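# Examining the three-dimensional arrangement
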Amino acid sequence: MPRYLYRTQATRLGMLTEPTASEADAVSRHYAYLAANAEAGVVLVAGRTQNVDEDTFGIIIFEAADGEVANEFMTNDPAVAEGVMSAAVFPYRVALGGHVTEG
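Small disclaimer: the values here were computed from a predicted structure and weren't measured. (Residues numbered from 1 in each chain as written. Predicted model: local features only at pLDDT ≥ 70, side-chain atom pairs only at ≥ 80, totals over all residues. Heavy atoms only, no water.)

From N to C terminus, the protein includes three helices and four strands. Sequence-ordered secondary structure for the protein, helices as α and strands as β, is β-α-β-β-α-α-β. For the protein, whose C-alpha radius of gyration is 14 Å, the value lies close to the compact-globule estimate of 13 Å for 103 residues. C-alpha extents for the protein along the principal axes are approximately 40 × 25 × 20 Å. The proportion of buried residues among the 103 residues of the protein is 29%. For the protein, contacts bridging at least 24 residues in sequence account for 69% of all contacts bridging at least 6. With 6 positive and 14 negative side-chain charges, the protein shows a separation of 4 Å between the mean positions of the two kinds. (Helix = DSSP H or I, 4+ residues; strand = E, 2+ residues; numbered from the N terminus. Rg over C-alpha atoms; globule rule 2.2 N^0.38 Å. Buried < 20%, exposed > 50% of the residue type's maximum accessible area, 1.4 Å probe, protein only. Contact = heavy atoms within 4.5 Å. Lys, Arg positive; Asp, Glu negative; His and termini not counted. Charge placed at Lys NZ, Arg CZ, Asp CG, Glu CD.)

This is the structure:
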């Protein structure tokens, strides 16, 4: 199945250190969304950089049937849907890496 990557970035930098209640809720649901999809085998890798400045970003590597499905998966992420994070999706192919290899 084709692989995709979406990159996320906080839309408000202060969210990284002092999130509002609604931002914290959206991020909690973002995590649950990714965890459920990891459990289902859709999400292969998800994480974020540990800096807390304007360069901070997260990545999610996942499988989808095509670009339209990939875009829908990204836009259904609660943090993206609610505007807490901006995101962009890209077709992705693993060239090297431990357990995440092309099938």
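In this structure, glutamate 82 sits in the loop between helix H3 (78–81) and strand E4 (85–92). Accessibility expressed as a relative area gives 44% for glutamate 82, which makes it partly exposed.

What follows covers the nonpolar core. Ranked by size, the top nonpolar core spans 12 residues in total: Tyr4, Tyr6, Tyr33, Leu34, Val43, Ile60, Phe62, Ala64, Ala70, Phe73, Met74 and Val80. Elements represented by at least two residues in this core include exactly strand E1 (3–10), helix H1 (21–39), strand E3 (58–63) and helix H2 (67–75). Per element, the largest residue contribution to this core is three residues, and it comes from H2. By size, the runner-up hydrophobic cluster in this structure holds five residues, among which are Met15, Ala26, Ala79 and Met85. (Core = buried A, V, L, I, M, F, W, Y, C linked by side-chain atoms within 4.5 Å.)

Here we come to the pattern of salt bridges. Going through the model one piece at a time under the given rule, you end up with four salt bridges. A salt bridge links glutamate 63 to arginine 3; the shortest N-O distance between them is 3.2 Å. With glutamate 63 in strand E3 and arginine 3 in strand E1, this residue pair connects regions lying 60 residues apart in the sequence. With a relative accessible area of 22%, glutamate 63 lands in the partly exposed category. For arginine 3, a relative accessible area of 10% gives the class buried. Between arginine 12 and glutamate 23 there is a salt bridge, with the nearest N and O atoms lying 2.8 Å from each other. Taken together, the positions of arginine 12 in the loop between E1 and H1 and glutamate 23 in helix H1 put the pair 11 residues apart, joining distant regions of the chain. Overall, arginine 12 belongs to the partly exposed group, its relative accessible area being 35%. Classification of glutamate 23 as buried rests on a relative accessible area of 10%. The network of salt bridges with shared partners includes Asp25, Arg29 and Glu82. (Salt bridge = Lys/Arg side-chain N within 4 Å of Asp/Glu carboxyl O.)

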